[in-house]
Amino acid sequence: MFKKIHDPSPNSVTVHVDGMPVCAEPGENAATVLLRQAELWVRTTPVSEKRRAPYCMMGVCFDCLALVDGALVQTCLAPVRDGMTIERQLGRRSVAS
Amino acid sequence: MTRRVDLLIVGAGPAGMSAAVAARQYGLDVLVVDEQPVPGGQIWRNIEAVCGTPREKILGKAYSEGLWTVRRFRASGAAYEPATQVWQIEPGPRVLMTRDKIASSVEAGAVLLATGAQERPAPFPGWTLPGVMTVGAAQIVIKTAGQIPDEPVWIAGSGPLPLLYAVQLLKAGGRIAGYLDTTQKGRWMSALPRFATAAAGAPLDMLKGILWLATLRRRVRYISNVSEIEAIGDNAMERLRYVTASGKSETVYARLLLVHEGLVPTIHPTLALGCTHQWNSDQDSYAADLDCWGETSQNGVFVAGDGAGIGGAKAACLRGEIAATGIALKAGVIDDQQAARLARPLRARLARALSARPFLDSLYRPRRSIFVPSDETVACRCEEVNVAGVRAEAARAGRPGPNQIKAFTRAGMGPCQGRQCNYTVANILADAEGRETPDVGLYRVRPPFKPLTLRELATLDSRDAG
Amino acid sequence: MTMSKTDVVVIGGGLHGLSAALHLARAGKAVSILERSWVGRHASGATAAGVRTLNRHLAEVPISLEAMDMWHNIESIVGDHCGFHAHGQINVAEFESHLPVLQKRVSTMQAAGYDHEELIDRDELLRLVPTISPHVTAALIARGDGAADPHRTIAAFRRAAEAAGVAIIEGARVTAIERDRGDDWTIRTEVGTYAAPVVINVAGAWAADIAAMAGDDIPLGHKASMMIVTERIAPLLKPVVSVVGRPLSFKQSDQGTLVIGGGLQGKADIPAQKSFVDFNELAKGARAATDLFPCVGPLRIVRSWAGMEAKTEDYLPVIGVSPNVDGIYHVFGFSGHGFQLVPVVGAIMADLIVRGSTGRKIEAFAPSRLMEQRHVA
C-alpha cells in the first residue's frame, strides 16, 4: 500500500515478516515495513478476530500491535534492527509453551 | 535506584527541547526522556536524518526549521534518554519509566510534560478497516520512512494538516484520487470575524494555507461540504461512500483513505495524576488547568506545548521556554522580577504565535457526527463496542457516567486505555442524557498509562521506594 | 424535600447491600438502597471476584460453604450465571519448606469435620495447571471453588433486586441518621429524606462513619488491595492460583485477561474516596506472577488499581444487629474476602430482620466483639 520515494539506502538491514526476509532502512520502524507489504494488515483483533492495520503511527491507537522478536508491541514504536522478526498476530496470543 | 534531577522533561518535541535549552541556561540539571528514538517530536520527526535529503524539500520549510532547535537541544547539556516510556507520575513528583525493558524511577524538582497532542478521534462507519489511516500517520510515514501511498489515495477531513499533507504528497510524486473537505458549510462565515486578527498576526501562515488550498483545487478532485463518510469492505477497505451537505452521495473505489479532524491535547498523564482539567469549548477538548507558568494543579508538574492547548510548533517552543522560566523561578534560581522580565517578550511572541488559532478553531470546528456518530459506528476500537452499545447503557436509570459505561460495556478497557473513545463515550452520554459534554467527564485513567509488561514491572527495584 | 417511608433502608449499593435488599424484598419488605455514588462503585467493582472457600477462617467456613452451594445455583437466585466458573482454587507450596503449612491446614480442617480442602501432589497440580513453573512441590485445592465476573455479578444482583421491588437511589450521600419520636429512623441524604424502622449499614470502607451517625463506635481499618489486568491472551489456566508466603492471586477472566491480585496494598485516602497504586509494592506481585508463571513475563499490563474496603482487627466481617441502638444492623469489614459471601449474607440479613434470628452461625461476626474489645482496651 506504501512505497519508498527514494532509492534503497546502501546500509539497509534485513528483517523477517512472517518468516520472509524483507529489506528495511535504519531509522524506520516495524510498522512502516508492514505498510510496504502486499497485504495491508498487521493483526486480527482478540475480540472478533477482524483485521487491523496501523492507524495513528504515533503510539496512541495500539492498532499496529504485532509480534516483534516474540513480544506483542506497538510496531510504530519499534525501530528496525538487522535480523528482527516481525509476525502478524492472529487473535489472542498464546503464551503457554 | 531512584535518580534525582532538577527537571525531568517528558517529550523531545518543540516544547520539550526548547524548555530543556532554556532550563540549561538557567543552570538546572535536566533529563529529557522521549518515546521516540530521535528528537523532534511528531512535527519534526526524524529531522536529523531527513535534512539534506530530497525529502527535506518535500516536507517544506516549517519542517526544516526544526533542525535548529534539535541542534540547540543536542548541544544544551541536557541528559537525553530516547526510546523511554513514562508510564506513571506520582505526587512528589516522582516519575516511573521503562527503558531497554528495565523499569526505574526518577525524582524531580519539577516535571514538565511536553507530550504534545493526538489526532482527534473521528469515528465513522468502517474506520477500523485496514486502509483507513489518519493523515498524521501518513505524514509520519513520509518523515520516518520516506514512504507514500503507491496508488491514488482519498483524503477526507478538515484543518491545515490534510491540506499540508496533500501538497507534500503531490510534491513527492504521489497521487490523490479525491479530497473530501469535511469543513462544515457556513464555517467560513462564522470564522470570518476572526480572520483579520489571524492575517495580521500570522500573515505568512495564512497565505500558505490559501496557496495549499488553491493548489489542491487546481490539481485534484476537490469535493467541498462533505458531511458523511463511510469505509466499506470486508478484510480491508474496498470502497468509500461519501455524502455532501446537499445530499449528493457517491460510492467510489478506494483502498486507502486518510482522515483528519484536528488535534486534541494529550491528557492521559495529567488525568492519571489527578490534575484538574478545563474544557476548551473552542477546541472541543480538555487540557490540564495551568497557571501562567504552565504549572498544573499538582505541585511541581508543568505542561507545555500542544498538551496545553493546540497552538502549533512556534507556540509550543515559547510555552516550553515560559515553563522553564517558571521552573527556574520555583527552583529559586531567579526571582519574581527576573522571571517576569524574562517572560514578558516570550508571552508577547506567544500571543502572536497563537493569533491565527481562534480563526482556525472556528473554521475547522468538526461536524457533529464526529462527536456523536451513527449507531453502527465502532466507538471503542480496542474492545469493539459500537455507538449503539454505549447508547443502550446510557438509557439506564441514574444517568450513568463514563466509568459506569466502561464497566457495563468494556469500552475503554482495551490496550489504548480509552485514548480513542474517551471523548466519543462522553459525547454520546451527553447527547443521550441531555447534558453538556464537560459535565459528563471522562474515564478515570488507570495506571500504567503507557505499555508496561509484567517482567518490566518486576524489575522495578523494591528498594527504589520514593 | 419529601420524606420517603419504607421498611428497610440499606446504606451502600455494593454487592452486600444489593444482596441484603434482594433477600429482604423477596421476604416481603419494602427496601430502599441509598448509594452515595453509583452501584458497585468501590470494593464490589474493584474485586478480583474470587469465589473461595479455601483457606477461610474456621469461623467463616459454615456460611462460606453455604454460600458456595448458592454460587453453584446462582442463576436460580439472580437470573444470571454471573460469569461464575467452578474450576477450583489452588494454594501452591513452591518449596518443600512450605508443605507443613498446607499439611497443618488439612489436619485442622479434617479435625473440624470438613473435607472440601484437599492436598494434591506436584503431578496433580501440573495436570490441573500445566503452565505453572515446574519448581512447585504441592498444593491445597478446593475443587468446587472458582471465580465470577464482578461487573456481571453486580448487574445481575441489581436487576434481581430491582425486579423484586427494591428502590435504588444513586447519588444519595447520607448526611445524618436520626431517631424519630416513633420507631423510625430518619435518614437524611443530599437528595431526599428517608424513614424506616430498620437501617442496614453496608457502607464498606465508610461504614464506621455511618455507624457513628447511628450512635455506634466501631473501630475500623481499611484496605486498598491492588489488582493488575493484562492484555487478553489465549486460554492459559482455569483454576485460581495463590501461593504460600507470597502476595499472589492469579486467574484468567472469560475475556482472556489475566487478573492478578493477592492482597498487595496500595494507598488510600478514605475520606476523599481516592486510592493510589504503589508500584514498588505491585512489583512484588509482578515478580511472584512471573516466578510462578514465567511465560507471562512479556504480557502487557493494561491497567491496575487499588480498591477500598473496610478491615477489622480480626479480619472477620461484622454481621449483625447493633448492641446499642434498635433497628440498626451492620454488614461490613469483610477485610478483602467478602465477595464469595455475598449471597448468604443477604439471606442472613433477611433472617435477622424478618424473623428476628438466624440458624446460621454468625456469632463470631457480632459487632459487639469489636466494641467490647475497645472498652477493655
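Residues numbered from 1 in each chain as written. Chains lettered and ligands numbered in written order. Predicted model: local features only at pLDDT ≥ 70, side-chain atom pairs only at ≥ 80, totals over all residues. Heavy atoms only, no water.

As annotated in an unreviewed UniProt entry, chain C carries the name Sarcosine oxidase subunit beta and is attributed to Neorhizobium huautlense.

An unreviewed UniProt entry lists chain A under the name Molibdopterin-dependent oxidoreductase YjgC, with Neorhizobium huautlense given as the organism.

Residues and elements named next belong to chain B. An order of β8-β16-β10-β11-β12 is seen for the five strands of this open sheet, with the pairing classed as parallel. Strand pairing shows two members of the sheet lacking a second neighbour, β8 (132-134) and β12 (222-223), which therefore form its edges. Relative to strand β11 (residues 176-181), strand β10 (residues 153-157) runs parallel, the two sharing five bridges. Its bridge partner being in β11, Val153 is matched across the sheet by Ile176. The sheet strands contacting helix α7 (residues 160-171) are β10, β11 and β16 (257-260), and the helix crosses β11 at an angle near 165 degrees. (Pairing = 2+ DSSP bridges. Helix = DSSP H or I, 4+ residues; strand = E, 2+ residues; numbered from the N terminus. Contact = heavy atoms within 4.5 Å. Axes fitted to C-alpha atoms, helices over the stretch in contact; angles between N-to-C directions.)

What follows covers the sheet that holds strand β2 (residues 8-11) of chain C. All names here are of chain C. With mixed pairing, the six strands of this open sheet are ordered in space as β9-β3-β2-β13-β22-β21. Edge strands, defined here as strands with exactly one partner in the open sheet, are β9 (167-170) and β21 (318-321). Neighbour-to-neighbour, the strand axes of this sheet turn through a mean angle of 15 degrees, independent of strand direction. The sheet contact formed by strand β3 (residues 31-35) and β9 spans four bridges and is parallel. Of the residues in β9, the one forming a bridge with Glu35 is Glu170.

Okay, unusual backbone geometry next. Between Gly92(B) and the following residue, Pro93(B), the backbone shows a cis peptide bond with an omega angle of -10 degrees. At the junction of Pro447(B) and Pro448(B), the peptide bond is cis and its omega measures out at -5 degrees in the coordinates. Structurally, Pro448(B) can be placed in the loop between α19 (437-440) and α20 (454-458). Positive phi values are uncommon outside glycine, yet Glu49(A) reaches one of about 60 degrees. With respect to the helices, strands and loops of the structure, Glu49(A) is situated in the loop between β4 (43-44) and β5 (51-52). The phi dihedral of Asn46(B) is positive, around 60 degrees, even though this residue is not glycine.

This brings us to the domain arrangement of chain C. All names here are of chain C. Taken domain by domain, chain C comprises domain 1 (3-47 + 151-220 + 314-376) and domain 2 (89-143 + 222-311). Once you take the C-alpha centre of each, domain 1 and domain 2 turn out to be 30 Å apart. Contacts between the two partners involve 15 residues from domain 1, matched on the other side by twelve residues from domain 2. Contact between domain 1 and domain 2 buries roughly 1,200 Å² in total, counting both sides, with carbon and sulfur atoms accounting for 58%. Per-residue buried area on domain 1 facing domain 2 is highest for Ala46, Ala205 and Trp206; these three make up 35% of the total on that side. Summed over the shared surface of domain 1 and domain 2, the number is zero salt bridges. Grouping the constituent residues of the side of domain 1 that touches domain 2 by class yields seven nonpolar, seven polar and one charged. (Domains from an automatic or database assignment. Buried area = accessible area lost by both parts, 1.4 Å probe. Salt bridge = Lys/Arg side-chain N within 4 Å of Asp/Glu carboxyl O. Nonpolar A, V, L, I, M, F, W, Y, C, P; charged D, E, K, R; others polar.)

It is worth spelling out the interface of chain A and chain B at this point. Accessible area lost upon the coming together of the parts is a frequently used measure of interface size. Across the boundary between the two partners, chain A contributes 37 residues, which contact 43 residues of chain B. With both sides pooled, the region where chain A packs onto chain B buries about 3,600 Å², and carbon together with sulfur makes up 59% of that total. Contact with chain B buries surface across chain A, with Met1(A), Phe2(A) and Tyr55(A) losing the most and accounting together for 23% of the total. Summed over the shared surface of chain A and chain B, the result is one salt bridge. With a shortest N-O distance of 2.7 Å, Arg381(B) and Asp63(A) are connected by a salt bridge. Where chain A touches chain B, the interface holds 13 residue pairs in polar contact (both at pLDDT 80 or more). In terms of residue class, the side of chain A that touches chain B is built from 20 nonpolar, eight polar and nine charged. (Polar contact = N/O pair within 3.5 Å; in protein donor to acceptor, adjacent residues only side chain to side chain.)

So, on to the pairing of strand β13 (residues 198-201) of chain C. Each regular strand shows side chains that alternate between the opposite faces of the sheet. Residues and elements named next belong to chain C. Across the two faces of β13 the burial is the same, with Val198 and Ile200 and Val199 and Asn201 all buried. Pairing analysis gives four bridges linking β2 to β13, with the strands arranged parallel. Of the residues in β13, the one forming a bridge with Ile11 is Asn201. Where β13 and strand β22 (residues 328-332) come together, three bridges link them in parallel fashion. For Asn201, the partnering residue across the bridge sits in β22 and is His330. (Buried < 20%, exposed > 50% of the residue type's maximum accessible area, 1.4 Å probe, protein only.)

Moving on, we get to the pattern of salt bridges. Opposite charge on two side chains permits them to pair, given that their charged atoms come into close proximity. In the structure shown here, the tally under the stated rule is 50 salt bridges over all chains. One salt bridge in this structure joins Arg81(A) and Asp69(A), with 2.3 Å as the shortest N-O distance. Residue Arg81(A) is located in the loop between β7 (71-74) and β8 (85-87), and its partner Asp69(A) is located in the loop between β6 (65-68) and β7; the two are separated by twelve residues in the primary sequence. In this structure Arg81(A) comes out as partly exposed when scored by relative accessible area, which is 44%. Where Arg300(C) meets Glu231(C), a salt bridge forms, and the shortest distance between an N and an O atom there is 3.3 Å. Here Arg300(C) is found in the loop between α9 (279-292) and β20 (301-311), whereas its partner Glu231(C) is found in strand β14 (residues 221-232), with 69 residues between them in sequence.

A few words now on the pairing of β7(A). All names here are of chain A. Pairing between β6 and β7: four bridges, direction antiparallel. Opposite Ala66, over in β7, you have Val73 as the bridge partner. From the end of β6 to the start of β7, which pair antiparallel, there are two residues, and Asp69 there has a positive phi angle of about 50 degrees.

Here we come to α7(B). Helical geometry: 3.6 residues make up each α-helical turn, so side chains three or four residues apart lie on a common side. Residue and element names in this part refer to chain B. Between its first and last C-alpha, α7 extends 17 Å over twelve residues, near the 16 Å set by a 1.5 Å rise per residue. Burial of α7 is extensive: nine of the twelve residues sit out of reach of the surface. Every buried residue of α7 is accounted for by Leu161, Pro162, Leu163, Tyr165, Ala166, Val167, Gln168, Leu169 and Leu170. Positive phi appears at Gly173, one or two residues downstream of α7, with a value of about 90 degrees. (Expected span 1.5 Å × (residues − 1).)

Attention shifts here to the UniProt feature "domain: FAD dependent oxidoreductase" (unreviewed entry) in chain C. Within this structure's numbering, the places UniProt gives as "domain: FAD dependent oxidoreductase" (unreviewed entry) are residues 7-352 of chain C. Between the first and last C-alpha atoms of residues 7-352 of chain C the distance is 14 Å; the span itself is 29% helix and 29% strand. (UniProt positions renumbered as here; feature names shortened; annotations may be inferred.)

Our next topic: the environment of Asp375(B). Residue and element names in this part refer to chain B. Tracing the chain through its elements places Asp375 in the loop between α15 (368-371) and β21 (378-380). Classification of Asp375 by relative accessible area gives partly exposed; the value is 39%. Residues Asp375 and Tyr80, 295 residues apart in the sequence, show an inter-C-alpha distance of 46 Å. The contact partners of Asp375, leaving out residues within four places of it in the chain, are Asn386, Val387, Ala388 and Arg391. In terms of polar contacts, Asp375 uses its side chain to reach the side chain of Arg391, at 3.4 Å.

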